[in-house]
Every structure is written in C-alpha cells, then in structure tokens.
Amino acid sequence: MADLNDAQNEAIKYIDGPCLVLAGAGSGKTRVITQKIAYLIQQCNTPAHKIVALTFTNKAAREMKSRVSQIIKGSQSRGLTVSTFHNLGLKIIRSECKKLGLKSGFSIFDAQDSGQLIKELLLRDHDDAADLVQLLQSQISSWKNDLVRPSEAISYAKDSNELMAATVYEHYDRHLRAYNAVDFDDLILLPTLLFKDDPSVLERWQNRVHYMLVDEYQDTNTSQYLLVKLLTGVRCCFTVVGDDDQSIYSWRGARPENLALLASDYPKLKVIKLEQNYRSTRTILAAANHVIKNNPHVFEKRLWSELGVGDEIRIIQCKNEDQEAERTASALMSHKLRYNCHFQDYAILYRGNFQSRIIELKLQQLQIPYHVSGGTAFFSRAEVKDTLAYLRLVFNPDDDNAFLRIVNTPRREIGSSTLLKLGEYAQSRETSLFQASQEFGLQQILNQRNLERLLRFVHWIEKTQQNFETNCPAKAMKEMVDDTGYEAWLFEQNKNAKAAERKMENIQQLIDTVEKMTKKAEEEGDEASLKDIVNKLILRDLLEQQEEANDLDRVQLMTLHASKGLEFPYVFLIGMEEELLPHRNSIEENTIEEERRLFYVGITRAQRQLTLSLTSQRKTYGETSKTIPSRFLDELPEEGVIWENKDQPKPEEEKKAIAQTHLSHIRSLLGEGS
DNA sequence: GACAGATAAGTTTTT
DNA sequence: CTTATCTGTC
C-alpha cells in the first residue's frame, strides 16, 4: 500500500462506518476502491465473497476486477463480486424470480423493445401516437427510477394527460409481466421493491454483503440509492466514491444530490476529499478548473497537480467536418511518428456516436488502426436482433415481441392479416401469441392453410427447445440458425453477396461468443446456461470483452459519456460547436451545466496533451449550415491555449507525416509481395 | 401475402 | 444523408 497519499490512506483504512469519498478527476479513486478491497480481505479478514463492489459500466467492472487480481493472489479474491448495478439486479431477480412472479426464462427488453411495446399500447387507444412514444418512454423510465408504481402514478395524476401517461405505464407493466419480461429499469427496481416489501428476503441478501463499495456514486438514481441503503442495512458498512463535477447522467434519472443526501441520512458519515490529481499536466488541469468554475458547487474542492506544466492546449479551426477529420487524423499520425508513441495512447472523443463516421473514414485512409467503443452498431443490426429474438422465444415463448419479430423472418408466409387475427384472439383469451397459436378455438378464426403455417412454426420452436436441452448451446444455436434457412434468405434479400456474407459473419460471431462464454462458465464451475448468456448479451457485456482482447494497439474512438473513468496520454476532442457541445436540446432545456460537466470530463481524460477542434460549417441531414464556436471555448483560460487558424496552410510537418505513411505503406506492400 | 419504390422522419448521451 | 414507414402493384 505504498505510494498512497494521506487522504487515500484514510479512505482505505476507515471501515467502521459509512464513508463518502469525494474524488476529483484523476485523483486515484479506482485505486482507492481496489486497494480498499485488498485491505478488507488481507488485513481485516473479510471473506471475499461477502464484499460487493458496484460500477455502472461493464468496462469499469472488468477493469476493477483485473486490478484487484493484480494486487491479491488468485485464490484470495475468489467469490468477490465486482459487477454493474444492472448485473447485480439480474442476479437477484434470477434467484428470486418466483417471488417476483417471473418464470425462469424471462426476457430482458432493451430500449427498443420497450419503445415498440409502448407504441403498440398507444395505438390501441390513440390515433396519432408516434411522437408521444419517446416522451412516454422516458416518463415511465423516470417513474421506475423514482420508485413510483403504476397505481401511484395514476393517483398522483393532475390532468388528463398525466392520467393517460400513467395508464399507459400500468398497461405497459402488465404486458411486460404477461410476456414474462423485464426492462432495464426493472433490473434495479424489482430487487429494490422486493427488499423493501419482504424483510426475510432482504435479510438473506444482507447476510451476503458485509461490505459494499460503489463507484461513480453521483450517477445513482433514487432506486439505486435505496438498493444500496437496503443491502447495507443497519451495519452501514460501505464506501461510496463520487464527484459531482462528473455527473453526466441526470437525463437517465441519476441524482447527484444523492451525495449530499448521504450526509443527512447517515449522521456518522465520514467524508474524505481527494484533491491531488495524478493524471494531467498543470495546463490541462488549469483549463478544467477554469471551465468548471462556471458551475455552482455543493462540495468545494481544489484540484491540484505536482506534474509539470506540459504542452499547450491546441484549438484547431476547420472549414468543415471533412477537414476536421482529416486534420485530426494527420495530426495524430505526425505526432505518433515524431514521438514514437503507440496508437493506444490516443483517444478521439465526441458528443454523439454519429460523429465517428467521418473520423473512421480518414483513419482508414491513413491506415491507422482504431476501435470504436460503445455504440449500439452491432446490436442494432437486423440479423443480430433476429438471432437474439429466436433465442428469446425459445427460452420464453410468451415473449410476444420476439414472436412478432421472427415469426415471418425468414418468410414463412405468415402475413399481417393472420397475425392481426391471432393478436385479437390472444388478447381476448388473455394469453401470449405463442400459446394462442396452439389453442383449439383458433380454428374458428383462421383458415386451414394459415393455421397450418402457424402451427408448423410453433412445432419447430418446440423442437428447437428440446434440441437446446440435449445439445450444447453453441451447437443447438448453429442448428437453429441453419434450420431457419436464414443464410439462403439473406443471399436472396441482398443483391450483393458480400453484404449477406458479412451478416452471416455477425451471426457466426454471436455463436462463437456463446461458445466461448459456455466454456468459460464451465471452467469457473458455473452452470453454463444459455439463458444467462443471452441476458448477458442483451446487457452488452461480453462482446466488448472479446474485442478488447484483440484490439491491443489501437486509437480509441468513443463518446464523451463513454470516456468517463478512462485516461489517455493524448486526447482529441472534436466538434466544439454550439448545438453539438453544448447539444441543441440542452440549450433548449437549459441544462447547460451538465454539458459543461461533460466538457470537463473530456478535458480531464487527457494526461499530457489535449487538442480541441471545431468547424465553421457542418452537414446535418444532408444540408450544410454555418456553425457557431462552442461557448465553452470562451471559458478556457487565455494562458496555455493556442488557436490554430483555419486559413493557415496545413503545417509542413503534417504533410510530411502523411507522405511518409503512404511511403511506408507502399514499402510494406512491396515487402510482402517479394 | 410479397415487394419495390416513394415518402417522411430523424441523431445526445447508456445499462 | 441514412433509416423507417407507407403505399400501391403484382
């Protein structure tokens, strides 16, 4: 436990009661958590399996796990729980599903599934509901995050609109249960409500948690706050770490005031501030402090650094996004060649996922290896969603969303009118589409031919279910995909065979992943249930994991949100414009402070050098329009910041670098050829 | 019931 | 500029 400062040491050794660590950016908060876990296990004889550490992202959980295992020898950390809130919730729901009225194969609805369900419910009662869906979806989500149940929402409603929304909420929840499904918010909400209502269940779980640590505490919502409070109970043995300046998730229900709430809920709360920054140069830190000064603060803190002054912050002004991408890529490349760094030392950050496209293009042109993290690209692909829907239906036949998605994909000549009739029948019988398909009464409604087609599908699903019970998951999955004739259908659909091939590769990747996960689970002695794996897939763990292993030396591309908790020697932050950062909606909704924190997060990711860029015109929806420099640029200090004018010719050095890359590329091609 | 072509709509951020 | 949805024809 060498090399820790006094505050860090104090935070680690204080274990007798609730502890709040206010940790500024780069102040070593992850170190505090990992070292504290080691301290608990090695010095305090706390059994590893009674310690729970919670994070918000899979990536953070993985990182923490690996850092803990670096400190303590393998066997000692066995049984330690390091997981995301959502994964812990899933674990609790899985083992308590009977109490919650769920069957074991329950599905997890992602945001898209939820949206679809809400849309359907709205269309039943209202004519033009399309633009209401998003609004209702976020309303229902906030209700769930605030522990408001449908009945309460209905009784609190003040006008007809609110009543309508609350009614949709009630229908929505009822349908979820009927589908034997939960949504993302339920993963936290259901365990919390269960613990609140059932003391015996709560006690059982409390006994499994002797000490709890929570990372990024400013991101907790009301439901998560209560979950932690309930689980830690009267023992109050927990450490939470957070930074209100890095609160960037209030749009999804996070309550940074939970930091302050803690002090009133726990009068004995020990508050420790970490103010020494070990990450960034003084120039970068000064800029970050200067910017965040514009926000009001509950907890005052002064971040300082012992590191050198370092390079100036560069601001590159470009004509358009094309040039911005080009200059970013070439500046990166010339820097890399000059200082002989690794690609993994660089990160390119942006506000929205859509901004990665042009950058990717330019990086490809310069042969720069990169990895785009986060992003829903893979999971939003039709073929991936189809395959997952097949699995969902196999394990949970009541999942009507999955049923509708794949009942006629590939074509089984089951069309919309058949499904409409089936839907009406199922509704009247109050059962799922799958169950309804097998009912006798359906003969009255559907003609012989259509009924046969439907039953053929139902029987095939049942056959597949059996196959999954007798065969190993990956094999059964492969057979399932083969059985559907999906591949042939893809080639039929896509004129160019290449696109179809790529789609099949994506499905194969899913199968490979399942195989790997199964093997891994077996090695660790867990039950290798495909149900769990599918749910983990939907929670987005795993695939990232695989990619990470392969993507060693690559430039990292990600959103500002995704970058929180990470650090890079050299950071490029692109799109410093009004309506982008701060985002247009945030300007309208007057939530500039959160955007400022987002900028703050971006700045503080950089260890040695920070480069900002902006354009004077940008293409949106295919139309170019003028842009205004971000107001945040005005908030930077004058000292230590240099502006590069757009009219300036490209620096000679960068030109040379590009030429050199091309040359070395040609050489490598020649070399391989001979 | 399938499919092509037209038209409209939409990009914040994530588990 | 892409993607989702609608419409009309076969």
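Here the residue numbering is sequential within each chain, running from 1 through the sequence in written order. To read the labels, note that chains go from A and ligands from 1, taken in the order they are written. With pLDDT at 70 or above as the cut-off, local features in this predicted model cover only qualifying residues; side-chain atom pairs require 80 or more to be listed or tallied, and sums for whole chains, interfaces and linings still use all residues. To obtain the side-chain values, all non-hydrogen atoms of the structure were used and water was disregarded.

## Description of the side chain of E635
A run of H or I in DSSP becomes a helix once it reaches four residues, and a run of E becomes a strand once it reaches two; helices and strands are each numbered from the N terminus. With respect to the helices and strands, E635 occurs in the loop between α29 (631–634) and β19 (641–644). Counted as a polar contact is a pair of N or O atoms within 3.5 Å, where, for protein atoms, one must be capable of donating a hydrogen and the other of accepting one, and residues adjacent in sequence contribute only when both atoms are in side chains. Engagement of the side chain of E635 in a polar contact is seen with the side chain of N294, the distance being 3.3 Å. Reaching out from E635, the side chain makes a polar contact with the side chain of R596 at a distance of 2.9 Å. Contacts: residue pairs with any heavy atoms within 4.5 Å of one another. Once residues lying within four places of it in the same chain are set aside, the contact partners of E635 are H290, V291, N294 and R596.

## A look at the sheet that holds strand β6 (residues 211–214)
With respect to topology, six strands assemble into an open sheet ordered β3-β2-β6-β7-β1-β8, the strand pairing being parallel. Taken across any chain shown, the strands that pair with only one partner, and hence form the sheet edges, are β3 (81–84) and β8 (270–274). Neighbour-to-neighbour, the strand axes of the sheet open up by a mean angle of 15°, direction not taken into account. Pairing between β6 and strand β7 (residues 238–242): three bridges, direction parallel. Its bridge partner being in β7, L213 is matched across the sheet by T239. Pairing between strands requires that DSSP locate at least two bridges from one strand to the other. With axes taken as lines fitted to C-alpha atoms, and helix axes fitted only over the stretch in contact, angles between N-to-C directions fall between 0 and 180 degrees.

## Observations concerning the packing of aromatic side chains
Each pair of aromatic rings taken from Phe, Tyr and Trp, with Trp reduced to its six-membered ring, is defined by centres within 6.5 Å and is described as stacked if the planes are under 30 degrees apart, edge-to-face if over 60, and tilted in the remaining cases. Inspection of the entire model under this criterion finds 14 aromatic pairs. When the centroid spacing of 5.3 Å and the interplanar angle of 10° are considered together, the rings of W143 and Y169 count as stacked. With W143 in helix α6 (residues 132–145) and Y169 in helix α8 (residues 160–178), this residue pair connects regions lying 26 residues apart in the sequence. Here's how the labels work: a residue is buried when its accessible area is under 20% of the maximum for its type, exposed when over 50%, partly exposed in between, all with a 1.4 Å probe on protein chains only. Note on W143: relative accessible area 14%, which makes it buried. For Y169, a relative accessible area of 0% corresponds to the buried category.

## Quick word on the protein's contact with DNA strand B
Neighbouring DNA strand B are 26 residues; R351, N353, R411, S417 and Y621 lie closest to it. Any residue with at least one heavy atom within 4 Å of a molecule or strand is counted as near it. Counting only the atoms of DNA strand B within 4 Å of the protein, the fraction contributed by sugar and phosphate is 46%. Note that a phosphate oxygen of DNA strand B is positioned 2.5 Å from one of the backbone N or O atoms of N353. Measuring from a phosphate oxygen of DNA strand B, one finds a side-chain N or O atom of T559 at 2.9 Å.

## Some words on the sheet that holds strand β12 (residues 346–350)
On the basis of which strands lie adjacent, the open sheet formed by seven strands has the order β13-β14-β12-β15-β16-β11-β19 and parallel pairing. Edge strands, defined here as strands with exactly one partner in the open sheet, are β13 (370–372) and β19. Adjacent strand axes in the sheet meet at a mean angle of 20° when their direction is disregarded. Summarising the sheet, strand β11 (residues 313–318) and β19 pair through four bridges and their orientation is parallel.

## Notes on the protein's contact with DNA strand C
Contacts to DNA strand C come from K119, Y621 and G622. When atoms of DNA strand C within 4 Å of the protein are sorted by moiety, sugar and phosphate together comprise 25%. One nitrogen or oxygen atom from the side chain of K119 is found 3.3 Å from a phosphate oxygen belonging to DNA strand C.

## Side note on the nonpolar core
Core analysis: the biggest nonpolar cluster contains 96 residues, and F195, M212, L262, F403 and F457 have the highest contact counts within it. Excluding its chain neighbours within four sequence positions, the residues that come into contact with F457 are L393, F403, I406, V407, R412 and I414. For this analysis, a nonpolar core means a set of buried residues of the types Ala, Val, Leu, Ile, Met, Phe, Trp, Tyr and Cys, connected via side-chain atoms within 4.5 Å. Residues A287, L303, L560 and L636 belong to the second largest nonpolar core, which totals 37 residues.

## Brief notes about the environment of S223
Looking at the secondary structure, you find S223 in helix α11 (residues 222–232). The class for S223 is buried, based on a relative accessible area of 1%. Measuring from C-alpha to C-alpha, the distance between S223 and V148 comes to 9.7 Å, with 75 residues separating the pair along the chain.

## Side note on the pairing of strand β16 (residues 606–615)
Of all 10 residues that make up β16, nine are buried, and the element is covered over most of its length. Summarising the sheet, strand β15 (residues 568–573) and β16 pair through five bridges and their orientation is parallel. The partner of L573 across the bridge, within β16, is L612.

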